[in-house]
Amino acid sequence: MEQKKILSVKDLEIKFHLRGKTLNAIRGVSLDLYKGEILAIVGESGSGKSVFTKSFMGLLDVNGFISKGDILYSGCDDGKTVNLAQLKKEKQWLKIRGHEIAMIMQDPMTSLNPLKTIGAQIVEAITLHQNLKGNAAREKAIEYLKDVGIPYPEKRFSQYPHEFSGGMRQRVVIAIAVACNPQILICDEPTTALDVTIQAQILSLLKEMREKYKLSIIMITHDLGVVANIADRIAVMYAGDIIEIGTSEDIFYDPRHPYTWALLSSLPQIGVKGEELFSIQGTPPNLFMEIQGDAFAPRNPQALKIDFVKRPPYFEVSPTHRAKTWLLDPRAPKVSPPPVVEKIRNGGIR
Amino acid sequence: MLKYLVKRIARSFVTLLLILTIVFCLLRLMPIEGYFPNFDKMTEQQIQVGLDEMGLNDPLPVQIVRFFNDLLHGDLGTSRIYRANVAVTEILKDKVPVSIRLGVIAMIVSLLAGLPMGALMARYKGKFFDHLGTVFIVCIQAVPAAVYYLYIQLYGTTAVGVGLLFQINNPKYWILPVISMSLGNIAFYAMWLRRYMVDESNKDYVKLAKAKGLSEGKVMFRHIFRNAFVPLAQYVPTAFLNTVIGSIYIESLYSIPGMGGLLVTVVKKHDNTMVQGIVLLYACVGVIGLLLGDLLMVVLDPRISLTKKGGDR
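Rules used throughout
- Chains are numbered independently. Their residues run from 1 in the order of the written sequence.
- As a convention, the first chain written is A and the first ligand written is 1, with the rest following in written order.
- At least 70 in pLDDT is required for a residue's local features to be given in this predicted model, at least 80 for side-chain atom pairs to be given and counted, and no such filter applies to totals for whole chains, interfaces and linings, which use all residues.
- Here a helix means four or more residues in a row that DSSP labels H or I, a strand means two or more in a row labelled E, and each is numbered from the N terminus.
- To get the radius of gyration, use the C-alpha atoms; to get the globule rule, take the number of residues to the power 0.38 and multiply by 2.2 Å.
- To assign burial, the other C-beta atoms lying within 10 Å of each residue's own C-beta are counted, with C-beta atoms placed from the backbone; 20 or more indicates buried, 12 or fewer indicates exposed, and intermediate counts indicate partly exposed.
- We call two residues in contact when their backbone-placed C-beta atoms lie within 7 Å.
- Each residue receives one of three labels: charged for Asp, Glu, Lys and Arg, nonpolar for Ala, Val, Leu, Ile, Met, Phe, Trp, Tyr, Cys and Pro, and polar for the others, Gly being one of them.
- Paired strands, in this sense, are two strands between which DSSP finds at least two bridges.
- Seen with the strands pointing away from the viewer, any crossover whose path from the first strand over the helix to the second strand runs clockwise is right-handed.

Caption draft 1: Structural detail: the overall build of chain A. Helices and strands together make up the secondary structure of chain A, namely 11 helices and 12 strands. For a compact globule of 350 residues, the expected C-alpha radius of gyration is about 20 Å, and chain A comes in at 21 Å, within 12% of that figure. In terms of its C-alpha atoms, chain A occupies a principal-axis envelope of roughly 70 × 50 × 45 Å. The buried share of chain A, reckoned over its 350 residues, is 44%.

Laid out in structure tokens, this is it:
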């Protein structure tokens, strides 16, 4: 894979003011996105996946702010690097939003304006980012509709969102995102609201779009099945931190963090008929408090003493694979991964 | 669309007929004083002759048929007491246009002021302008209209430089009544538009529009305002009606020769034919208002299905 970094996040911290308290949503995350790759960010609800990516577009809620760190974007036409964490004015963001980074949201039923034809909504993106107007923009929009696999695009162009099914709407949303001509596409749980057969279609469409438009994709999801299908690399997020990151093979066949183990064990596909499904005990930590040590320790039955005291740094497993767990420290006792890891390695999951 | 329109109009028409029939029947139950200006001095015989002349001793169905037949020929009957022996249409002919003119101007003013106000309040939610607007709305809603009407008249007449007696052809004299009449609706439009816009701005499609790279202002105008106006549009015709009908107080305050207050007067005077005529007018305007409101919604919101029952919303 071509190893050109297009986005580089360094030690990012995001906080929210909420009811007089401060919530630490993102706690010092570093992450690189390479050109042309699909990077998946996996984690449970509230782990900060969405907040993390929203900060790339300046779309945090008004009470949220970046308190530390950099987001270096180097995909601009002029080759300059922009620190997105420093952008304050709307005008600066307008050069990034859509034009450099576009976004697809979770629920296609609500992410289109119900009162505008889908054609108008695509044309809006085209006029904004491609300097086309009138008929030329219309032609282009129809082309995009065709690209995302919508039959009879000329006819569909002048229809309203309620005349489309969920899967078709998500295709339209993808068309809008692509019509912005971005470098990076953030997909925030793009298939969660769709049924399984449609999910697969949308995922393969995203892959297609990546090839055709040379996109780098960040895919947010809590569904490891989706990830296995599409991602080149996977970042596992827990309590506002990326605790393990590696290629898909690394994460599925050689996971190192106890949380990743627990996530994989929770896959229903792996369960044995008749046995109770695995679930992670406890609840995620309260992000209003300062977290001591490894955030996952209280829920980890095999946690070491040090896990409760000191936050683990990244340990490198291989050049592509690192994890934040004390288990990787040479001094740590041998804790073997749960049987599920062995099972996946032997091809137990399809 | 056409099919729906025809259906909808036909239904409105039936509604009107029903209203008229009911009002007509109810008025037949009223004391018969209402047909004679000098009832007290008349003998029983004179009264019976009078009633016979007017056809009021005929059976009810016959009377109803006659009533509708007259109506078809544009005859609303003759006033008996309010202005004895003058046709109702003749009386209304001079008054209705004045009231409607006042209502239309007031509606335009309140839309032109209320909508931008609501939009700006939503745009700067929580900021100074929003608070200022809220104060205005609360004042208008909380203070009885009669109070600020009086103040407007008290200070307005000197400020604008007009006398107390209304001059219909002098635009200056229209200013104060129009302001008095618009204030309530300005507050109404501003309040609801702000509320709907704030609702809309939290929706996903707004986030997507922003993520597309549209500027805040464009998102506000092209997406949020447009969508927030739809639920409001339904009320615009009805609000207009309320201005026309509800101008009783203002018209009497400025001695405007409109039809405000006329209904109350004729009801008090037991002028049954006049009551009938005015109720007919109000019912017409009311039904038309509802019809227009619905049609406006259909035009603005493509999701409202015209042909099928239960459109996808």
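Caption draft 2: Fine view of the environment of M103(A). Residue and element names in this part refer to chain A. Within the secondary structure, M103 sits in strand β6 (residues 101-104). Here M103 falls in the buried class, since 29 other C-beta atoms lie within 10 Å of it. C-alpha of M103 to C-alpha of Q121: the two residues are 18 residues apart in sequence and 14 Å apart in space.

Caption draft 3: Representation of the interface of chain A and chain B. Tallying the contact residues gives 26 residues for chain A and 20 residues for chain B. For the side of chain A that touches chain B, the secondary-structure elements that each account for two or more residues are α2 (90-96), β6, α3 (118-130) and α6 (166-179) of chain A. Broken down by element, the residue count for the side of chain A that touches chain B peaks at four residues, all from α3(A). Residues that form the side of chain A that touches chain B fall into these classes: 15 nonpolar, seven polar and four charged.

Caption draft 4: Layout of the pairing of strand β3 (residues 38-42) of chain A. Residue and element names in this part refer to chain A. β3 sits mainly inside the fold: five of its five residues count as buried. In the sheet, β3 pairs with strand β8 (residues 216-221) via five bridges, with the strands oriented parallel. Bridge pairing links L39 to I218 in β8. Here β3 runs beside strand β9 (residues 233-238); their pairing, made up of four bridges, is parallel. Residue pairing across strands places I41 opposite A235, the latter belonging to β9.

Caption draft 5: Layout of the pairing of β8(A). Residues and elements named next belong to chain A. In terms of burial, β8 is largely enclosed, as six of its six residues are buried. Along β8, one buried face is formed by S216, I218 and I220 and the opposite face, lined by I217, M219 and T221, is buried too. The pairing of strand β7 (residues 184-188) with β8 spans five bridges and is parallel. Along β8, the bridge assignment pairs C187 with M219. Following the chain from β7 across helix α7 (residues 196-213) to the adjacent parallel β8, one finds a crossover that is right-handed.

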